[in-house]
2 protein chains.
Amino acid sequence: MEKVASAVLFPCKYATTGCSLTLHHTEKPEHEDICEYRPYSCPCPGASCKWQGSLEAVMSHLMHAHKSITTLQGEDIVFLATDINLPGAVDWVMMQSCFGHHFMLVLEKQEKYEGHQQFFAIVLLIGTRKQAENFAYRLELNGNRRRLTWEATPRSIHDGVNAAIVNSDCLVFDTAIAHLFADNGNLGINVTISTCCP
Amino acid sequence: MEKVASAVLFPCKYATTGCSLTLHHTEKPEHEDICEYRPYSCPCPGASCKWQGSLEAVMSHLMHAHKSITTLQGEDIVFLATDINLPGAVDWVMMQSCFGHHFMLVLEKQEKYEGHQQFFAIVLLIGTRKQAENFAYRLELNGNRRRLTWEATPRSIHDGVNAAIVNSDCLVFDTAIAHLFADNGNLGINVTISTCCP
């Protein structure tokens, strides 16, 4: 039976949404995890929104269901997080539009380790993982003779915020550092997006 | 009695080592905390060495009592911390010599919050707080399409490492980030020192 199975090619389970690949049963789960035709979830952090749909539908979902999210135009903007001292887990979200793409900026405050609040800041592309590789982003905190900078490749919203936070693969800082850079409880993060040659 | 005291000027307790200030009794403790004539402690992290002496004697103390500390010449060097996965609290220390001054580079791994190991990296000037203000330093971790940078004013060894770590006023990163940038358990930190106009 196993011999038969290994000779047979199965369609990807996202065939109905456009994937034309056929795979051995051993390769199927691995592919389906990263298949570009897997539906996109709503990229808003917190996971309270259960929307799923195609990549093309994400922006209109955000504009209709998450109207409070501000969008700024340009490659170089300031992401202003207000009231960073609010207790508990908090998310700050905004959109940045440049190079014909939309990027989601997320600052998340959470207690990944008990009794130790940390901030996680990241840029996600409303796009595929492949598209994301054409860009780089820089997050910069500027203070009194101090600067903290994180530069990386944007994540695709297909991967989501949590995967990055779990691995600390984003700008991570604790509340003491936040206070070094905050002004009256508000934290300005300079965000610069650029294109890069793969 | 209080009226009399407030009219009297007392010498700083470091008068014998050179301070010529006289102060009201209310101002005395505050001044003595930051008095440049207060003896310098050995700047090596860990506080196992109890040496104290003048600023001029610090370098010869380090060269005689802490021979294992390497010195590199130049404004732009790589501080290589080997075996960052060593368990427990660990310190990596080296010296950088440029602009006619000696700087101490410290990477400290410790559990500031229980169950959550963090790395703290900082540059100290073997010099006074005032001298330190003429310099800026940059610590940079470079990895696969990622870069984490911290820029600040060096601390004087008079203030010490711990004051900076308590306030997270240094480059702070957790073990997950260390692994993103480490190569085979070794972490290279690019250190650049520059002069700046106050």
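For clarity, every value in this text was computed on a predicted model and none was experimentally measured.

A. Representation of the environment of Phe181 of chain B in the model. By secondary structure assignment, the location of Phe181 of chain B is in helix α6 (residues 175-181). Residues Phe181 of chain B and Lys112 of chain B, 69 residues apart in the sequence, show an inter-C-alpha distance of 21 Å. When residues no more than four places from it in sequence are discounted, the contact partners of Phe181 of chain B are Trp150 of chain A together with Leu141, Asn142, Gly143, Arg146, Arg147, Leu148 and Leu187 of chain B.

B. Spatial organisation of the sheet that holds strand β6 (residues 76-81) of chain B. The eight strands are arranged β6(A)-β14(A)-β10(A)-β11(A)-β11(B)-β10(B)-β14(B)-β6(B) in an open sheet whose pairing can be described as antiparallel. The open sheet has two edge strands with one neighbour each: β6 (76-81) of chain A together with β6 of chain B. The average angle at which neighbouring strand axes cross in this sheet is 20 degrees, direction not considered.

C. Region of interest: the relation of the copies chain A and chain B. Mapping chain A onto chain B calls for a screw motion: a turn of 180 degrees about the axis and a shift of 0.0 Å along it, with 0.1 Å RMSD after fitting. What the rotation and shift describe, once combined, is the action of a two-fold rotation axis. Residue Thr149 of chain A, judged by its C-alpha, is the member of chain A lying nearest the rotation axis, at 2.5 Å. When the interface residues of chain A are mapped onto chain B, 100% of them again lie at the interface, so the same face is used by both copies.

D. View of the interface of chain A and chain B. Facing the 28 residues of chain A at the interface are 28 residues of chain B. Taken together, both faces of the contact between chain A and chain B bury some 2,300 Å²; the carbon and sulfur share is 46%. The interface formed by chain A and chain B holds four salt bridges in total. With a shortest N-O distance of 2.6 Å, Arg146 of chain B and Asp169 of chain A are connected by a salt bridge.

E. Geometry of the pattern of salt bridges. With the rule as written, the count across this model stands at 14 salt bridges over all chains. Arg147 of chain B serves as the salt-bridge partner of Glu151 of chain A, at 3.3 Å between the closest nitrogen and oxygen. Of this pair, Glu151 of chain A sits in strand β11 (residues 146-152) while Arg147 of chain B is found in strand β11 (residues 146-152), placing the two residues in two different chains. Its relative accessible area of 31% is what places Arg147 of chain B among the partly exposed residues. Through salt bridges that share partners, Arg138, Glu140 and Arg147 of chain A together with Glu151 of chain B make up one connected network.

F. Structural view of the confidence of the model for chain A. Summary statistics for chain A give a mean pLDDT of 91 and a share of 96% for residues scoring 70 or more. Scoring the predicted complex yields pTM 0.89 and, for the interface, ipTM 0.88.

G. Here's a closer look at empty space enclosed by the protein. Taken as a whole and judged by the stated rule, the model has two cavities of 30 Å³ or more. Empty space within the largest cavity amounts to approximately 60 Å³. In terms of lining, the largest cavity is formed by Gln118, Val172, Phe173 and Asp174 of chain A together with Gln118, Val172, Phe173, Asp174 and Ile177 of chain B. Of all the elements in the fold, those that place two or more residues in the lining of the largest cavity are β13 (171-174) of chain A together with β13 (171-174) of chain B. Of the residues in the lining of the largest cavity, the class split is five nonpolar, two polar and two charged. By volume, the second largest cavity is sized at about 40 Å³. Lining the second largest cavity, in full, are Leu148, Trp150, Cys170, Leu171 and Val172 of chain A together with Leu148, Leu171, Val172 and Ile177 of chain B. Within the residue set of the lining of the second largest cavity, elements represented by two or more residues are β11 and β13 of chain A together with β13 of chain B. Its residues placed into classes, the lining of the second largest cavity shows nine nonpolar, no polar and no charged.

H. Seen up close, a negative patch on the surface. On the surface, a cluster of negative charge is contributed by Glu111 and Glu114 of chain A together with Glu111 and Glu114 of chain B. Among the structural elements, Glu114 of chain A can be located in the loop between β8 (101-113) and β9 (116-125). For Glu114 of chain A, a relative accessible area of 77% corresponds to the exposed category.

I. Local environment of the nonpolar core. Within the largest apolar cluster, 107 residues are counted, with the highest numbers of intra-cluster contacts made by Leu148 and Phe173 of chain A together with Leu148 and Phe173 of chain B. Discounting chain neighbours no more than four positions away, the residues touching Leu148 of chain A are Leu139, Glu140, Leu141, Leu171, Phe173, Ile177 and Phe181 of chain A together with Leu148, Thr149, Trp150 and Leu171 of chain B.

J. Fine view of unusual backbone geometry. All names here are of chain B. You will see that Phe99, though not glycine, has its phi angle at about 55 degrees, which is positive. As for its position among the elements, Phe99 is in the loop between β7 (90-98) and β8 (101-113). Backbone geometry places Arg145, a non-glycine residue, at a positive phi of 55 degrees. The residue Arg145 is located in the loop between β10 (135-143) and β11 in this model. With relative accessibility at 36%, the residue Arg145 sits in the partly exposed group.

K. Here's a closer look at helix α3 (residues 55-65) of chain A. Residue and element names in this part refer to chain A. Those residues of α3 not exposed but buried are Leu55, Val58, Met59, His61 and Leu62. The buried side chains of α3 occupy one side of the element, clustering within an arc of 160 degrees when seen end-on. Those residues of α3 that are exposed and angled more than 90 degrees off the buried face are Glu56, Met63 and His64. In this structure, the buried side of α3 is in contact with β3 (40-41), β4 (52-53), β7 (90-98), β8 and α4 (129-132).

L. Structural context of the packing of aromatic side chains. Residue and element names in this part refer to chain B. Under the counting rule described, the total for this entry stands at 10 aromatic pairs over all chains. A centroid spacing of 6.3 Å and a plane angle of 35 degrees characterise the contact between Trp92 and Phe119, whose relative ring orientation is tilted. Here Trp92 is found in strand β7, whereas its partner Phe119 is found in strand β9 (residues 116-125), with 27 residues between them in sequence. Taking the relative accessible area as the measure of exposure, Phe119 reaches 1% and is therefore buried. Between Phe103 and Phe135, the aromatic rings sit 5.2 Å apart at their centres with planes inclined by 85 degrees, giving edge-to-face as the arrangement. Placement of the pair is Phe103 in strand β8 and Phe135 in strand β10, with a sequence separation of 32 residues. In terms of burial, Phe103 and Phe135 fall into one category: buried.

What counts and what doesn't
Residues numbered from 1 in each chain as written. Chains lettered and ligands numbered in written order. Predicted model: local features only at pLDDT ≥ 70, side-chain atom pairs only at ≥ 80, totals over all residues. Heavy atoms only, no water. Helix = DSSP H or I, 4+ residues; strand = E, 2+ residues; numbered from the N terminus. Contact = heavy atoms within 4.5 Å. Pairing = 2+ DSSP bridges. Axes fitted to C-alpha atoms, helices over the stretch in contact; angles between N-to-C directions. Least-squares fit on C-alpha atoms with pLDDT ≥ 70 in both. Buried area = accessible area lost by both parts, 1.4 Å probe. Salt bridge = Lys/Arg side-chain N within 4 Å of Asp/Glu carboxyl O. Buried < 20%, exposed > 50% of the residue type's maximum accessible area, 1.4 Å probe, protein only. pLDDT = per-residue confidence, 0-100. 1 Å grid on protein atoms, 1.4 Å probe; cavity = no way out; pocket = protein on both sides within 12 Å on 5 of 7 lines; lining within 4 Å. Points joined across faces, edges and corners; volume = space filled by probe spheres on them. Nonpolar A, V, L, I, M, F, W, Y, C, P; charged D, E, K, R; others polar. Patch = residues over 30% accessible without salt bridge, like charges linked within 9 Å, V, L, I, M, F, W, Y side chains within 5 Å. Areas by Shrake-Rupley, 256 points an atom, 1.4 Å probe, with all protein chains shown as cover. Lys, Arg positive; Asp, Glu negative; His and termini not counted. Charge placed at Lys NZ, Arg CZ, Asp CG, Glu CD. Core = buried A, V, L, I, M, F, W, Y, C linked by side-chain atoms within 4.5 Å. Arc of directions from axis to C-beta. Phe/Tyr/Trp six-rings, centres within 6.5 Å; stacked < 30°, edge-to-face > 60°.

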